Amino acid sequence: MTRKEANTMDLHATRVHCRELLNRIYANGNRRDYPTLLAAETKQRLQTAHVGSNNGESLPGAEAMKLGIALHVLELRDCVIAGITPDNAMDRLTLWTNIAMHVHPVFVAPAATVAAHAASLAGQRSAFLAALEVALTFQPDYWAAQLLLQSAGRDEPAPRMDDLAEQLHAEQPTADWLRPLAARLRLFRQLDLRARAGELT
């Protein structure tokens, strides 16, 4: 994955989806039912994506975009990371590289970081470093990517997280889960509005 490849996405579909997410967050963000619903929707998408990935199928661009954006809910990202093992790492590397290529640069860091973790467990060092470069190019302060890069600098193996999967899946969503996602959605809206204004001048 290169920086250029990480920008293969449908901007109109992204705008529509981000507007829908922000509207739902503003309407329901302080209630537990919407974070729970968003987590359930995302986990269903993940299950479908994983089955397709195991069968060698490509994820449609719109679904890839929605999954990539949803991973700004950190607990959902960690559930994904926890489900990656050496046995499925190559399939997950392919899947999350594809997802990272279908999200706007504002949203690319979590998907690229997951791809990097999968690459590390698969023993694909060049793919690991390339995915981290993408994540940190578009979001330099993304902490999970920084941690992975630090472990690479110390020549340490990627941490095994599959033993944490059951605990992470058992967590109950709260309104706090939505804050990083909402912040990134607002950033996208601001940047997109500026870009569209520039096109009109």
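Residues numbered from 1 in each chain as written. Predicted model: local features only at pLDDT ≥ 70, side-chain atom pairs only at ≥ 80, totals over all residues. Heavy atoms only, no water.

Focus: the overall build of the chain
1) Next: Each helix and strand counted, the chain has 10 helices and 0 strands in total.
2) Next: Reading the helices (α) and strands (β) of the chain from amino to carboxyl end gives α-α-α-α-α-α-α-α-α-α.
3) Next: With 201 residues in all, the chain has 46% of them scored as buried.
4) Next: Of all intrachain contacts in the chain linking residues separated by at least 6 positions in sequence, the fraction that spans at least 24 positions is 79%. (Helix = DSSP H or I, 4+ residues; strand = E, 2+ residues; numbered from the N terminus. Buried < 20%, exposed > 50% of the residue type's maximum accessible area, 1.4 Å probe, protein only. Contact = heavy atoms within 4.5 Å.)

A closer look at the pattern of salt bridges
1) Next: Scanning the entire structure with this criterion turns up 7 salt bridges.
2) Next: Across the pair Arg 24 and Glu 41 runs a salt bridge whose closest N-O atoms are separated by 3.0 Å. Placement of the pair is Arg 24 in helix 1 (residues 11–28) and Glu 41 in helix 2 (residues 33–54), with a sequence separation of 17 residues.
3) Next: As a salt-bridge pair, Asp 78 and Arg 77 come within 2.8 Å of each other at their nearest N and O atoms.
4) Next: Owing to a relative accessible area of 10%, Arg 77 belongs among the buried residues under this scheme. (Salt bridge = Lys/Arg side-chain N within 4 Å of Asp/Glu carboxyl O.)

Quick look at the side chain of Arg 92
1) Next: With respect to the helices, strands and loops of the structure, Arg 92 is situated in helix 5 (residues 89–100).
2) Next: It turns out Arg 92 is buried and unbridged, and the closest side chain with the opposite charge, Asp 91, is 5.2 Å from it.
3) Next: Each residue touching Arg 92, except ones within four places of it in the same chain, is listed here: His 50, Ser 53, Asn 54, Ile 84 and Ala 118. (Lys, Arg positive; Asp, Glu negative; His and termini not counted.)

Concerning the packing of helix 1 against helix 2
1) Next: Where helix 1 contacts helix 2, the axes come no closer than 10 Å and their chain directions differ by 145°. Every residue of helix 2 that contacts helix 1 at Leu 21, Arg 24, Ile 25 and Asn 28 is listed here: Tyr 34, Pro 35, Leu 37, Leu 38 and Glu 41. (Axes fitted to C-alpha atoms, helices over the stretch in contact; angles between N-to-C directions.)

A word on the nonpolar core
1) Next: Core analysis: the largest hydrophobic core is formed by 56 residues, its most contacted members being Ile 69, Trp 96, Ile 99, Phe 107 and Leu 185.
2) Next: With 10 residues, helix 6 (residues 108–121) is the largest single contributor of residues to this core.
3) Next: In this view, Trp 96 contacts Leu 46, His 50, Leu 71, Val 80, Ala 111, Val 114 and Ala 115; residues no more than four positions away in its chain are not counted. (Core = buried A, V, L, I, M, F, W, Y, C linked by side-chain atoms within 4.5 Å.)

Concerning the environment of Asn 88
1) Next: Within the element layout of this structure, Asn 88 appears in the loop between helix 4 (74–82) and helix 5.
2) Next: Residue classification places Asn 88 among the buried residues on the basis of a relative accessible area of 14%.
3) Next: Put simply, Asn 88 and Ala 118 are 30 residues apart on the chain and 8.4 Å apart in space, counted from C-alpha to C-alpha.
4) Next: One polar contact links the side chain of Asn 88 to the main-chain amide nitrogen of Thr 85, over a distance of 2.8 Å. (Polar contact = N/O pair within 3.5 Å; in protein donor to acceptor, adjacent residues only side chain to side chain.)

Some remarks on the packing of aromatic side chains
1) Next: This model, assessed by the stated rule, comprises 1 aromatic pair.
2) Next: Taken together, a centroid distance of 5.5 Å and an interplanar angle of 40° make the contact between Phe 107 and Phe 188 tilted. In this pair, Phe 107 is assigned in the loop between helix 5 and helix 6 and Phe 188 in helix 10 (residues 179–200), connecting sequence segments 81 residues apart. Here Phe 107 matches Phe 188 in class, with each residue buried. (Phe/Tyr/Trp six-rings, centres within 6.5 Å; stacked < 30°, edge-to-face > 60°.)

Remarks on the packing of helix 5 against helix 6
1) Next: Across the interface, helix 5 lies against helix 6 with an axial gap of 8 Å and an inter-helix angle of 160°. Considering the angle they form, helix 5 stands roughly antiparallel to helix 6. For the crossing formed where helix 5 meets helix 6, the hand is left-handed. Each of Ala 89, Arg 92, Leu 93, Trp 96, Thr 97, Ile 99 and Ala 100 in helix 5 lies in contact with helix 6, whose residues at this interface are Val 108, Ala 111, Ala 112, Val 114, Ala 115, Ala 118, Ala 119 and Leu 121.
2) Next: When grouped by side-chain class, the residues that make up the contact of helix 5 with helix 6 number 13 nonpolar, 1 polar and 1 charged. (Parallel < 35°, antiparallel > 145°, perpendicular 65-115°, else oblique. Left-handed = near helix turned anticlockwise from the far one by under 90°. Nonpolar A, V, L, I, M, F, W, Y, C, P; charged D, E, K, R; others polar.)

None of the figures reported here should be taken as evidence of function without further support.
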